[in-house]
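Here is what each chain is made of, one letter per residue.
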Amino acid sequence: MSNNGSYSNDRPPSVGEAELATDPSLGALVFLSDYKKHEDLQQMLDSNKDSLKLEAMRRIICMVAKGKNASDLFPPVVKNVVSKNIEVKKLVYVYLVRYAEEQQDLALLSISTFQRALKDPNQLIRASALRVLSSIRVPMIVPIVMLAIKDSASDMSPYVRKTAAHAIPKLYSLDPDQKDELIIVIEKLLSDKTTLVVGSAVMAFEEVCPERIDLIHKNYRKLCNLLVDVDEWGQVIIISMLTRYARTQFADPNSDDDGEDNENKPFYEDDDDLDTENDTGKEEKIKKSYSLDPDHRLLLRNTKPLLQSRNASVVMAVAQLYHHMAPRSEVHVVAKALIRLLRSHREVQSIVLNCIASVSTKRKGMFEPFLKSFFVRTSDPTHIKLLKLEILTNLATETSISVILREFQTYISSNDKEFVAAAIQAIGRCASSIKEVTDTCLSGLVSLLSNRDHDVVAESVVVIKKLLQTQPSEHREIIIHMAKLVDFINVPQARASILWLLGEYSDRVPKIAPDVLRKMAKSFINEEDIVKLQILNLSVKLYLTNPKQTHLLCQYVFNLAKYDHNYDIRDRARFLRQFIFAENSKLSKHAKKIFLATKPAPVLESRFKDRDHFQLGSLSHYINSRAVGYHDLPPFPEVPPPSSVREVEPPVVWKEAARTKKQTVKKRSFYSESEESSPNNSDDSSDDSSGDEDSSEESSDEDESDTSNEGDDSNKDSSSDDENDSSSDEVQVVSKSKIVLSKKGQKKNSEVEEESSESEEEEDDDEDDDDDEEEEDDSESSVEEKHSKAQSSSKKKSKPEPPSKAKTNLDLLLELDDVPSITPVMTPSLSGFLTPLGPPSTQTMLSTIQVASPSYIPLAQNELLNKISGRGLHVTYRFTRSPHLFSPLMASVELIFTNVSGEGIEDIKVGQKFLSPGSTVHEFAPIGMLHPSSSLPGTLGIDFNDSTQPVAFEILSTSSSTGDLCTSKVTLKPPIGELIRAVTMNEQLFLTELQKLKGMNEHSANNLSSPAAFDSKYFSQKVFEAANVAAIPSLDSKILRFAGQTLSSRSLVLITVKTEENSSFSIYVNSEKMVIGSMLLNELKSHLRN
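All values derive from a computational prediction rather than experimental measurement.

**A short note on a nonpolar patch on the surface**
Right, on to step 1. Where nonpolar side chains cluster on the molecular surface, the patch consists of Ile-351, Leu-619, Tyr-622 and Ile-623 and spans about 340 Å² of accessible area.
Right, on to step 2. Within the secondary structure, Tyr-622 is located in helix α34 (residues 619–623).
Right, on to step 3. Accessibility expressed as a relative area gives 32% for Tyr-622, which makes it partly exposed.

**What about the packing of helix α21 (residues 382–395) against helix α23 (residues 417–433)?**
Right, on to step 1. Running from N to C, α21 and α23 point in directions that differ by 5 degrees, and their axes come no closer than 10 Å. Classified by the interaxial angle, the pair formed by α21 and α23 is roughly parallel. Here α21 contributes Thr-382, Lys-385, Leu-386, Leu-389, Glu-390, Thr-393 and Asn-394 to the contact with α23, which in turn contributes Glu-418, Phe-419, Ala-422, Ala-423, Ala-426, Arg-429 and Cys-430.
Right, on to step 2. Grouping the amino acids of the contact of α21 with α23 by side-chain chemistry returns seven nonpolar, three polar and four charged.

**Digging into unusual backbone geometry**
Right, on to step 1. Residue Arg-881 is not a glycine yet carries a positive backbone phi of 60 degrees.
Right, on to step 2. By the secondary structure assignment, Arg-881 is in strand β3 (residues 873–883).
Right, on to step 3. In the Ramachandran plot, Asp-907 falls in the positive-phi region, its phi being about 50 degrees despite a non-glycine side chain.
Right, on to step 4. Relative to the assigned elements, Asp-907 resides in strand β5 (residues 905–914).

**Considering the sheet that holds strand β7 (residues 927–930)**
Right, on to step 1. Taken together, four strands build an open sheet; the order of strands is β7-β5-β9-β10 and the sheet is antiparallel. A strand with exactly one partner marks an edge of an open sheet, and here the two such strands are β7 and β10 (965–972). In this sheet, neighbouring strand axes are inclined to one another by 35 degrees on average, regardless of whether the strands run parallel or antiparallel.
Right, on to step 2. One ladder, built from six bridges, connects β5 with strand β9 (residues 951–959); its direction is antiparallel. In the strand pairing of β9, Lys-909 is matched with Leu-956.

**Some thoughts on the confidence of the model for the protein**
Right, on to step 1. Across the protein, the average pLDDT comes to 76, with 73% of residues at or above 70.
Right, on to step 2. Low pLDDT (under 50) marks residues 258–280, which in the prediction has 25 contacts with non-local residues, meaning those over four places away or in another chain.
Right, on to step 3. Taken together, the stretch residues 652–805 has pLDDT below 50 and engages in 149 contacts with residues farther than four places along the chain or on a different chain.

**Remarks on the packing of helix α25 (residues 454–468) against helix α26 (residues 476–483)**
Right, on to step 1. Where α25 contacts α26, the axes come no closer than 12 Å and their chain directions differ by 150 degrees. When the axes of α25 and α26 are compared, the pair comes out roughly antiparallel. The handedness of the crossing between α25 and α26 comes out as left-handed. Within the contact between the two elements, α25 uses Val-461, Ile-464 and Leu-468 and α26 uses Ile-478, Ile-479 and Met-482.
Right, on to step 2. Residue composition of the contact of α25 with α26, by class: six nonpolar, no polar and no charged.

**Here we look at the pairing of β10**
Right, on to step 1. Across the two faces of β10 the burial differs, with Cys-966, Ser-968, Val-970 and Leu-972 buried and Leu-965, Thr-967, Lys-969 and Thr-971 not buried at all.
Right, on to step 2. Alignment of β9 against β10, held across eight bridges, turns out to be antiparallel. The residue bridging Ile-955 from the neighbouring strand is Ser-968, located in β10.
Right, on to step 3. Once β9 ends, the chain turns through five residues before running back antiparallel as β10, passing Gly-963 with a positive phi of about 80 degrees.

**A closer look at the pattern of salt bridges**
Right, on to step 1. Summed over all chains, the structure comprises 31 salt bridges.
Right, on to step 2. The salt bridge partner of Asp-46 is Lys-79, with a shortest N-O separation of 3.2 Å. With a gap of 33 residues between them, Asp-46 in helix α1 (residues 24–46) and Lys-79 in helix α3 (residues 74–79) connect regions that are remote in the sequence.
Right, on to step 3. On the accessibility criterion, Asp-46 (44% relative accessible area) is partly exposed.
Right, on to step 4. Classification of Lys-79 as exposed rests on a relative accessible area of 51%.
Right, on to step 5. For Glu-978, the salt bridge is made with Arg-881, and the minimal N-O distance between the two is 3.2 Å. Taken together, the residues Glu-978 in the loop between β10 and β11 (980–984) and Arg-881 in strand β3 connect sequence positions 97 residues apart.

**Topic: the nonpolar core**
Nonpolar side chains in soluble globular proteins tend to be buried together.
Right, on to step 1. By size, the foremost hydrophobic cluster in this structure holds 200 residues, and its most contacted members are Tyr-95, Leu-96, Phe-367, Phe-374 and Phe-408.
Right, on to step 2. Looking at this core, the element that brings in the most residues is helix α17 (residues 312–325), giving ten residues.
Right, on to step 3. For Leu-96, the residues in contact, after removing those within four places along its chain, are Phe-74, Val-78, Val-81, Phe-114 and Val-132.
Right, on to step 4. Of all hydrophobic cores here, the second largest spans 50 residues; its members include Val-951, Ala-1005, Ile-1067 and Leu-1081.

Conventions used here
Residues numbered from 1 in each chain as written. Predicted model: local features only at pLDDT ≥ 70, side-chain atom pairs only at ≥ 80, totals over all residues. Heavy atoms only, no water. Patch = residues over 30% accessible without salt bridge, like charges linked within 9 Å, V, L, I, M, F, W, Y side chains within 5 Å. Areas by Shrake-Rupley, 256 points an atom, 1.4 Å probe, with all protein chains shown as cover. Salt bridge = Lys/Arg side-chain N within 4 Å of Asp/Glu carboxyl O. Helix = DSSP H or I, 4+ residues; strand = E, 2+ residues; numbered from the N terminus. Buried < 20%, exposed > 50% of the residue type's maximum accessible area, 1.4 Å probe, protein only. Axes fitted to C-alpha atoms, helices over the stretch in contact; angles between N-to-C directions. Parallel < 35°, antiparallel > 145°, perpendicular 65-115°, else oblique. Contact = heavy atoms within 4.5 Å. Nonpolar A, V, L, I, M, F, W, Y, C, P; charged D, E, K, R; others polar. Pairing = 2+ DSSP bridges. pLDDT = per-residue confidence, 0-100. Left-handed = near helix turned anticlockwise from the far one by under 90°. Core = buried A, V, L, I, M, F, W, Y, C linked by side-chain atoms within 4.5 Å.

Put into structure tokens, the structure is as follows:
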């Protein structure tokens, strides 16, 4: 409660913040005023005026938006879910979505209201009710949520169907056993032709059943055609899914290429110099690369316009699709779009440049026309500068190297040391990759050796050392010049590089190398480890080439290394000694071959070269490491599956039905004829009519687009005209049924209830067939009304007919008050934990004592199973101080499972339990696979029965490689403070309950010395750390009061901290559970003294 802000606009915002109060004497007043503010809001919510309720809900939502805790207002807010004011109801549902998971017990009591709201005429209310239902994560209501999702998936509103798709992953995470039923709903949502729904449907498909690609076959072409009109979030999801789908269904478009990118050639004009035979061969290759599957071409063609999207995620999704799926000659179309993204924010620039750096390692010509776009700006942050340097180095060719080197030369004068070092390394990479400029770059780096900045000189030495390995015989002067720098360079890496050069090419500087060794021997003790290792190497090499001058010097160096504090130095000295000082040793005979052998020059490559195995644009690609949840792109199939799997019903049936409808008299509806010829087509037509009720023109346009994609163009006009006629008939049927229900709804309440209950049972058995029968019968009645002579009499006769049929979604919306709920209503009699427990006195107490949120949540993890006993499985735990989803009597324990082994661990679950009497354990959800170096969470529910007796159980796991079963017995003992839940009450009630818990129920410790001056915040924090209690507002600044109740028996635990005049304090713990009170007192004393 202390973190709620001010509700009054006239007061400054800092007055209501309790955590900002510095005077301890004012802390209680702040708590009390904050409490009164909640009472003010509760009075507004309980009033009969909608204006007051609306104002209260607006203030509460503002609190939630600012990140403040408003969970204490859950009871008065949830009562207003039945409000008639639509604006109030919307805000109530926004609040409930936020706090339904935290206040599950109270939310469950209102579940019948949420079910009735699923039939509300307003689509926003129906969607919000489903969103709240899916947010209550209690396994007991899984059947209710499942039925709600099924009904909402057939709703007339696309927004409600979209919400149903969002609820599917929530239900799947709560109960994975519902996967088969959810797949049926997903299949229905995937066939939806509304652009508002398909993106969410694909998201649900990716979360629940990404392996069921057979669900995508018949919807593939529809998704490709609707992709441009889907919202941006849906476009990203669909493109990502279609990329994986295409990798499994289409052949590799670049399989016929020779593996070399034509864009890597230095000049595009070189193609004009080829002879005729080469030109012919090249044309044949191009023709081969363009022989794509028509569906493959459809995907590339429909995603190309999205490169102009204003959303960076959409552009990146299309870019990765082209990178992984397009022919090599067509990938260049994404270059300009990626360059456009470089004008975005720094975060977007970082992702885009990372992808460009990876692509440019293989496709230089793709970004070469945009070379200047990668020039570094002074306003760029360091990580952006380094990425641009990487790209410029990758794009360097013989034609552009002069421009790039001039650019690098200006970067060296920058004040950013890391950037300067990277620029020098980039010069070295250019020199090693382009032989024509090697000498130029080397001379430029040598000139940097005289730079005043030691970091520049050190980095230059390291790069020169790598370049000299390519042609050392031609650069003796450079080696001599670098040897003179030993006295001035202090960077360990640079000193080590100079020593390595002198040792490797000591024969070219026979007089200088021994003198450098002499200097290094003097400073051996003060050198870094990397330098010491190179001194030892230099000693060995000089001893082998010039033993007369360096024999004693080498002995001195090795004696120093023999007693070095680093064991690596000692081991290296012991190892090398056998090569030069051991007599008659076999190693000494081969010492020259080992140490003086010719070594290959290092290859300077881009650090982005090994990222091809990650999907472009993914988190794993960005960090160059496999992230949790990443799935590899499937490989291209050697023999792609036939394209016939993506064929849908031919449109010929539709055309025949349309012609028959024009020629024959309209005694039968269009639906009956199409149903006899093709039931699937009738289902599709019914879906179109129900899904696009907003305008008949929209449905006709969508049908025309589908017909034009699947059928011939010659019959497009006729089919569209027929579909317009059918859509107009549908509008007439709906309007007439609406008139009938509005007139007879009040007179036929009892008949409607009986017949609607029967129709709802039929809908549970076969929902789709009933919808078809309804539409057929309604269309028949509409045709008869058209041809009747007396329209008024025919309307009166047709009025009783609609209630006798199965109810459609429109009927249910119009007869909200008359139709009973088809989902089972959860009442307190159906569930034990919904019924208040305990004697009447306890019920009366709980009516005024409210459960509060924890004031402190421990974050430290404790070890439950070490990696040795678990054979690579390491388990830690912590108490979350939140009620467990299975039962509020249980303490919620968060487990973190970490695989520290090199192989996967499968089937992690709870085995045998060893519980004390009265204790129960709700197992965590089994973990199917835990990959190496990855972690997964789990939640364990334990009812300790108000006892600190440890709970023992087994954790079972199986090795994925050997199949061995590992059984690990673990023991979990709860701290005394975790057996309590925080409760809040007013001060008067606290004192009343305190008088009842005197005598043997009171435990006290007096005249305890305080480590510091009395500070209410300090003492409160220590108490919160020791036990899960809530602070009680107090008018006395020198008395702190806290309240809680035990989890199992709900016995009150009252804590009082009083300060004395001599800087001492006293603690009083009052509780019916004397053992808990005594142990809690000892725990509090240890926390407050430290």
